[in-house]
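# Observations on chain architecture
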Amino acid sequence: MSRILVIGAGMVGLSCARALAAEGHAVTVVDRDPPGDKCSFGNAAGLGVTEIIPAAVPGLALKVPGWLMDPLGPLSLRPGHLPKLVPWLWRFLRSGTWPEVERITAALATLSARVYEDFLPVMDELGLAGEVHRVGALWVYDTRAGFEADARFRALRRRHGIVCEEISGAEARALEPALSEAVQYAMVTPQWSHVADPKCIVDRLREHLAARGVAMVAGEVRGIEGSSLALADGRRLPFDTAIVAAGAWSGRLAASIGERALIESERGYNTTFPAPGVTLSREVIFAERAFVATPIEAGIRIGGAAEFAGLDAPPNYARSDVLAELGRRYLPGLNIAGGTRWMGHRPTTADSMPVIGRSVKRPDVVYAFGHGHTGLTLGPTTGRLVAEIVGNRPTSVDIAPFSIARFS
Ligand SMILES: Cc1cc2nc3c(=O)[nH]c(=O)nc-3n(C[C@H](O)[C@H](O)[C@H](O)COP(=O)(O)OP(=O)(O)OC[C@H]3O[C@@H](n4cnc5c(N)ncnc54)[C@H](O)[C@@H]3O)c2cc1C
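Residues numbered from 1 in each chain as written. Predicted model: local features only at pLDDT ≥ 70, side-chain atom pairs only at ≥ 80, totals over all residues. Heavy atoms only, no water.

### Re the overall build of the chain
Put simply, the test is: Think of it this way: any DSSP run of H or I at least four residues long counts as a helix, any run of E at least two long counts as a strand, and we number them from the N terminus. Computation of the radius of gyration draws on C-alpha atoms, with the globule rule given as 2.2 Å multiplied by the number of residues to the power 0.38. Summary of the burial criterion: residues with accessible area below 20% of their type's maximum are buried, those above 50% are exposed, and those between are partly exposed, where the area comes from a 1.4 Å probe applied to protein chains only. Contacts are assigned to residue pairs with any non-hydrogen atoms lying within 4.5 Å of each other. Two residue types count as positive, namely Lys and Arg, and two as negative, namely Asp and Glu; His and chain ends fall outside the count. Every charge is mapped onto a representative atom, which is NZ of Lys, CZ of Arg, CG of Asp or CD of Glu.
Scanning the chain from N- to C-terminus turns up 12 helices and 21 strands. Computed over the C-alpha atoms, the radius of gyration of the chain is 20 Å, within 12% of the 22 Å expected from 2.2 N^0.38 for a compact globule of 408 residues. Taking the principal axes of the C-alpha coordinates as reference, the chain spans close to 60 × 45 × 40 Å. Within the chain, buried positions represent 58% of all 408 residues. A sequence separation of at least 24 residues applies to 76% of the contacts in the chain between residues at least 6 apart. Here the chain contributes 43 positive and 42 negative side-chain charges, whose respective centroids are spaced 4 Å apart.

### Re the nonpolar core
Basically, it comes down to this: What is meant by a nonpolar core is a set of buried Ala, Val, Leu, Ile, Met, Phe, Trp, Tyr and Cys residues, joined one to another through side-chain atoms within 4.5 Å.
In terms of nonpolar packing, the biggest core is built from 105 residues, with Phe119, Ile201, Leu229 and Ile243 touching the most fellow members. For Phe119, the residues in contact, after removing those within four places along its chain, are Met11, Leu47, Val132, Val195, Ile201, Leu376, Thr377 and Pro380. The next biggest cluster of nonpolar side chains, apart from the first, holds 29 residues, and it includes Leu179, Val188, Val322 and Met343.

### Digging into the layout of surface pockets
The cut-off we apply is this: Definitions used throughout: a 1 Å grid over protein atoms alone; a cavity as a set of points that fits a 1.4 Å probe which cannot get out; a pocket as an open set with protein on both sides within 12 Å along at least five of seven lines; a lining residue as one with an atom within 4 Å of a point. Grid points are joined across faces, edges and corners, and a volume is the space filled by probe spheres set on the points. The residue classification treats Ala, Val, Leu, Ile, Met, Phe, Trp, Tyr, Cys and Pro as nonpolar and Asp, Glu, Lys and Arg as charged. All others, Gly included, are polar.
Of the voids in this model, the second largest pocket is the one considered here, and its volume is about 410 Å³. Together, 18 residues line the second largest pocket, and His81, Lys84, Ile263, Glu264 and Leu311 are the ones closest to its centre. Every element with two or more residues in the lining of the second largest pocket is listed here: α3 (82–94), α10 (250–255) and β15 (263–273). By residue class, the composition of the lining of the second largest pocket is 9 nonpolar, 4 polar and 5 charged.

### A few points about the sheet that holds strand β9 (residues 193–195)
Formally: Two strands form a pair only when DSSP identifies at least two bridges running between them.
Across the sheet, 3 strands lie side by side as β3-β9-β5; this open sheet has antiparallel pairing. Of all strands in the sheet, those with a lone pairing partner are β3 (46–47) and β5 (132–133), marking the two edges. Relative to β9, β5 runs antiparallel, the two sharing 2 bridges. Each residue of the ladder has a partner; that of Val132, found in β9, is Val195.

### Some remarks on the site of the ligand
To keep it simple, the criterion reads: The cutoff for a nearby residue is simple: one of its non-hydrogen atoms must lie within 4 Å of the molecule or strand. Counted as a polar contact is a pair of N or O atoms within 3.5 Å, where, for protein atoms, one must be capable of donating a hydrogen and the other of accepting one, and residues adjacent in sequence contribute only when both atoms are in side chains. Surface accessibility in these figures is a Shrake-Rupley result with a 1.4 Å probe; residues are shielded only by whichever protein chains are displayed.
In the vicinity of the ligand, 32 residues are found, and the nearest of them are Asp31, Ser40, Gly372, His373 and Thr377. The backbone of Met11 places a nitrogen or oxygen atom 3.2 Å from an oxygen atom of the ligand. Ala45 has a polar backbone atom sitting 3.3 Å from an oxygen atom of the ligand. In isolation the ligand offers 1000 Å² of accessible surface; the protein chains occlude 96% of this area. Those elements that place two or more of their residues in the shell around the ligand are α1 (11–22), β15, β19 (340–349) and α12 (375–390). At 4 residues, the largest contribution of residues to the shell around the ligand is made by β19.

### Points about the pattern of salt bridges
Convention followed: What counts as a salt bridge is simple: a side-chain nitrogen of Lys or Arg found within 4 Å of a carboxyl oxygen of Asp or Glu.
Applying the stated criterion to the full structure yields 29 salt bridges. Of the charged contacts in the structure, one is a salt bridge between Arg393 and Glu23, with a shortest N-O distance of 2.7 Å. Pair noted here: Arg393 is in the segment after α12 and Glu23 is in the loop between α1 and β2 (26–31), with a separation of 370 residues, a long-range link. Residue Glu23 is classed as partly exposed on the basis of its relative accessible area of 36%. Glu166 is the partner of Arg158 in a salt bridge, and the nearest nitrogen-oxygen pair spans 3.0 Å. A single salt-bridge network, built from bridges that share partners, covers Arg114, Glu117, Asp118, Arg384 and Glu388.

### Some words on the side chain of Glu266
Note that Glu266 resides in strand β15. The exposure class of Glu266 is buried, given its relative accessible area of 8%. A polar contact of 3.0 Å, which involves the side chain of Glu266, links it to the side chain of Thr348.

### Concerning the packing of aromatic side chains
For clarity, the threshold we go by: Each pair of aromatic rings taken from Phe, Tyr and Trp, with Trp reduced to its six-membered ring, is defined by centres within 6.5 Å and is described as stacked if the planes are under 30 degrees apart, edge-to-face if over 60, and tilted in the remaining cases.
For the structure shown, the criterion picks out 11 aromatic pairs. Pairing Phe147 with Tyr185 gives two aromatic rings, centres 5.4 Å apart and planes at 15°, and the pair type is stacked. A residue pair is termed long-range when its members are at least 10 positions apart, and Phe147 in helix α6 (residues 144–149) and Tyr185 in strand β8 (residues 185–189) qualify at 38 residues. Since its relative accessible area comes to 9%, Phe147 is described here as buried. With a centroid separation of 4.3 Å and an interplanar angle of 5°, the aromatic rings of Phe286 and Phe291 are classed as stacked. You'll find Phe286 and Phe291 in the same group, each marked buried. These aromatic residues form a ring-pair network of at least three members: Trp88, Phe92 and Phe308.

### Here we look at unusual backbone geometry
Although it is not a glycine, Ser352 adopts a positive phi angle of roughly 65°. The backbone of Asn392 shows a phi angle near 55°, a positive value even though the residue is not glycine. Summarising the element assignment, Asn392 is placed in the segment after α12. Judged by its relative accessible area of 62%, Asn392 is exposed.

### Structural notes on the UniProt feature "domain: FAD dependent oxidoreductase" (unreviewed entry) in the chain
To keep things clear, this is the line we draw: UniProt positions are given in the numbering used here, feature names are shortened, and annotations may be inferred rather than shown by experiment.
The UniProt feature table records "domain: FAD dependent oxidoreductase" (unreviewed entry) at residues 3–388. Its end C-alpha atoms 16 Å apart, residues 3–388 is made of 34% helix and 27% strand.

### Quick word on helix α4 (residues 98–112)
Convention followed: Expected helix span is computed as 1.5 Å times (number of residues minus one).
Taking 1.5 Å of rise per residue, 15 residues should cover 21 Å, and α4 covers 20 Å from first to last C-alpha, within 8% of that figure. What α4 keeps buried is the set Val101, Ile104, Thr105, Ala107, Leu108, Ala109, Leu111 and Ser112. Packing partners of the buried residues in α4 comprise α5 (115–125), α7 (151–159), β20 (355–358) and α12.

This is the structure we're talking about:
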């Protein structure tokens with residue numbers, strides 16, 4: 001029985017720990033703040049199985065200046081962070097060609113195709129089977145130009161088995177009467193689901209692991225030194241295998257063994273409205289404004305935004321307020337009283353693909369990070385793959401595209 005240390009108690013790390021413990025390994029999870037409010041705590045609760053198209057696509061660069069200038073726009077960048085962002089940005093822009101988009105989409109589709117097979121048994125095990133709402137999602141557009149510009153992405157999704165039903169604005173309002181007249185065109189993606197409460201899933205996963213003898217150590221990992229994790233308080237934790245699942249912070253840990261991962265914190269914001277005064281029956285994606293509204297147990301959560309400001313800058317909750325304002329534009333009856341604002345660090349790689357696989361330098365280090373917008377969705381699938389890698393078995397999907405080697 002080998003000693004496995006998992007760094008990170010977010011959705012991905014806990015899912016890896018669960019899958020490894022189920023195979024009889026002695027697993028310990030290390031996190032500087034195990035029950036903390038990290039990215040897995042407050043996300044938009046979507047099982048975004050249709051999200052297989054990378055962020056960098058042809059034509060995106062032309063939209064960026066307009067987005068940066070628009071106070072209600074989806075993108076912001078703190079100028080002081082720009083020098084650090086350059087290598088990531090350069091690779092991001094280079095990924096935005098059609099051949100790359102097709103290659104990355106095909107790779108992400110292999111992960112996405114496994115989601116329900118891997119996610120639902122975990123929810124069953126946690127006693128949360130009833131909390132997955134398999135009701136699809138509604139993508140809405142205000143302009144014909146925006147709807148038509150996405151036609152190429154609908155076609156690409158369909159090629160990978162994703163159902164995209166095109167409907168009118170009136171049909172969208174028939175499905176979701178809370179939507180305003182601003183909605184002119186829409187698309188239904190029936191394969192999408194949402195969960196009642198993402199925080200409940202990570203809370204239950206921690207309890208489930210504790211009941212199965214998985215130890216949880218509170219401590220900040222400074223780096224991997226020899227066959228130990230070096231903690232900030234001087235402790236050293238020996239391992240046979242280390243799993244790096246530290247979300248947006250994983251790049252620092254890979255660097256401690258001399259490997260490069262082009263990963264950034266893509267900071268996202270949301271506000272959860274406890275008494276929204278309107279109802280939604282499914283997640284709504286406001287495609288041209290790049291934000292979403294999800295009906296969760298705690299109310300309606302409106303979130304989105306991509307802010308590049310690094311891991312250490314304090315949150316700018318004006319971004320949450322912008323999203324609330326947009327929410328009222330599209331959901332005119334929305335009551336924004338008592339909203340709770342939140343910011344999380346999406347672990348986003350320059351090519352929108354996670355890093356899953358063994359380190360190139362150290363076979364005893366396995367990476368599981370960089371899930372960007374879909375870490376909730378892909379947590380259990382990543383756990384399965386990591387257990388297969390550690391067990392030296394063939395993996396359920398080809399993990400070659402997800403190797404950290406692509407950044408070296
Ligand atoms: C606004 C927003 C909306 C989103 N909506 C969705 C959605 O609808 N669906 C979806 O699938 N995904 C969504 N995501 C993305 C998803 O939340 C993330 O991809 C996912 O949470 C990443 O999980 P993780 O376990 O990799 O990282 P995290 O949850 O960030 O966990 C990493 C853990 O590592 C720990 N850690 C880091 N460094 C160290 C260290 N040196 N030592 C010890 N511990 C360390 C941290 O404390 C943390 O607990 C959203 C994200 C945001 C911000």
